[in-house]
Each structure stands twice: as C-alpha cells, then as structure tokens.
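The chain contents come next:
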Amino acid sequence: MTLDEILGLAPVVPVLVVEDVAHAIPLGRALVAGGLKALEVTLRTPAALEVIAAMAEIEGAVVGAGTVLNQQDWRAAAAAGARFVVSPGLFDGAGPDGPTPLLPGVATATELMDGLSRGLTRFKLFPANVAGGTMALKAFASPFPTARFCPTGGIDAANAADYLALPNVICVGGSWVAPADAVRAGEWDRITRIARVAASLARAG
Ligand code: 3PG
C-alpha cells in the first residue's frame, strides 16, 4: 500500500508504546474494532519488534513502526512486518526509497524543504502543538502546495477536529486513543469506544 492509502484508512493513527507483547493482539484488535486500522508501534520498548510482528497478523490492521531514528531501525521494522514507518525527523538516508513507505517528522520550513528536496511529500508535523499547530499548517499550505501532513504530538480528542479541518492534513497521530492505564488494566472495550469516536471524526484533507 502507498503511504496515502495507509494514512487514508482512518482520520487517526494511534501512537502506541507497548511494554508487554501479550497486549499486542488484544490492543490491536480493540483499535481495529473501533475503526482505526493503521497502527504505529513505537520502537521505544524492548518488545516493540515482537509487538509489530504479532499485530501484523491481525485482520484489517496495517501495522507500522514509529520512533524510527535511522536506516537500521527502518530495516529492522520492515523485517518484523511493519508496512510503513514514522520518524520524528529526517535521518541520513530518509527518502522515498526504502524498505517501506516513510513518514518523517518536520517542524520548520527549512526541514520541510529538506524533505521535499529528497522527493518526500508526506510529513508528520512534530511536535505539532509546539511546532505551531494548526497555524503552522495553514502557513505551510501556500508555499508548499504539494506537502500534506499527519500532525502528531499534543493532539487529543479535544483538538483533533481542528487539525482534520485543514485541507493539507490527511490524518492526525496520537496516543490518546490507547491510554496507558487502559492498556495495563486490559480495558479493551474502553479502547474500542475511544477509537470509535476518533474514527468518526470528519476530515477535509
Ligand atoms: C509521540 O511521540 O509519543 C507522539 O508524538 C504522540 O504524542 P502524544 O502522546 O502527544 O499523542
């Protein structure tokens, strides 16, 4: 699948920090049941690659890796079954050619121009709330008409709709759809309910 197809699956990409591989399947199923199908598993825990491999088996899920910091992470994530990867920034070798589609983070016009010069046109504005939020995205629209975004960082149920109303926003990313306490307690129905609300958000882009 192309990055546009993956990011187009739902208005919200859950950003997941999974400590226990036993949570992978019920968490992934809970999110997919709520309508969120593209899932970003961050490489921030020792279990992350195993979690990706387990979640990749869930019907309807398109599992990617987040917190990919270099080409080695990228290859490892793809080998584990990630179908896309997300990075907080532009690393050496980040570009359109690699083992999977890549969504790199940018926070400034100069970083965006670096990404565009590498042949990339889809970016994660990161950290979205610090890097200017919806005002930055509006300001980027005119000088950078080919760029489209999945802002992430500080987005939640209260402000997601403001981002999704922008034509250059494809989707948003966020951790609010899988609260750590709900994951720890195995409250999978609660996560499905939160996901369902997120999946029903309207988007303009
Ligand atoms: C992250 O890096 O953890 C993501 O940007 C998610 O941010 P959030 O926890 O503010 O949704």
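Everything quoted here is computed from the prediction, not taken from an experiment.

A.B. asks: How should I be thinking about the overall build of the protein chain in this particular structure?
C.D. replies: Check the secondary structure of the protein chain and you find nine helices and eight strands. Over its C-alpha atoms the protein chain spans a radius of gyration of 16 Å, differing by no more than 12% from the 17 Å that the globule rule assigns to 205 residues. Buried positions account for 49% of the 205 residues belonging to the protein chain. Here the analysis covers contacts within the protein chain between residues at least 6 apart in sequence; of these, 57% occur between residues at least 24 apart. Looking at the protein chain as shown, the accessible area adds up to about 8700 Å², and 54% of this sits on carbon and sulfur atoms.

A.B. asks: Help me understand the pattern of salt bridges, please; the structure alone is not making it clear to me.
C.D. replies: The final tally for this structure, using the stated rule, is four salt bridges. Notably, a salt bridge pairs D4 with R122, separated by 2.7 Å at the nearest N-O pair. Note that D4 is positioned in helix 1 (residues 3–7) and R122 in strand 6 (residues 122–125), a separation of 118 residues in sequence. Owing to a relative accessible area of 34%, D4 belongs among the partly exposed residues under this scheme. Overall, R122 belongs to the buried group, its relative accessible area being 15%. A salt bridge links D181 to R190, with the nearest nitrogen and oxygen atoms 3.3 Å apart. When its relative accessible area of 39% is taken as the criterion, D181 is described as partly exposed.

What counts and what doesn't
Residues numbered from 1 in each chain as written. Predicted model: local features only at pLDDT ≥ 70, side-chain atom pairs only at ≥ 80, totals over all residues. Heavy atoms only, no water. Helix = DSSP H or I, 4+ residues; strand = E, 2+ residues; numbered from the N terminus. Rg over C-alpha atoms; globule rule 2.2 N^0.38 Å. Buried < 20%, exposed > 50% of the residue type's maximum accessible area, 1.4 Å probe, protein only. Contact = heavy atoms within 4.5 Å. Areas by Shrake-Rupley, 256 points an atom, 1.4 Å probe, with all protein chains shown as cover. Salt bridge = Lys/Arg side-chain N within 4 Å of Asp/Glu carboxyl O.

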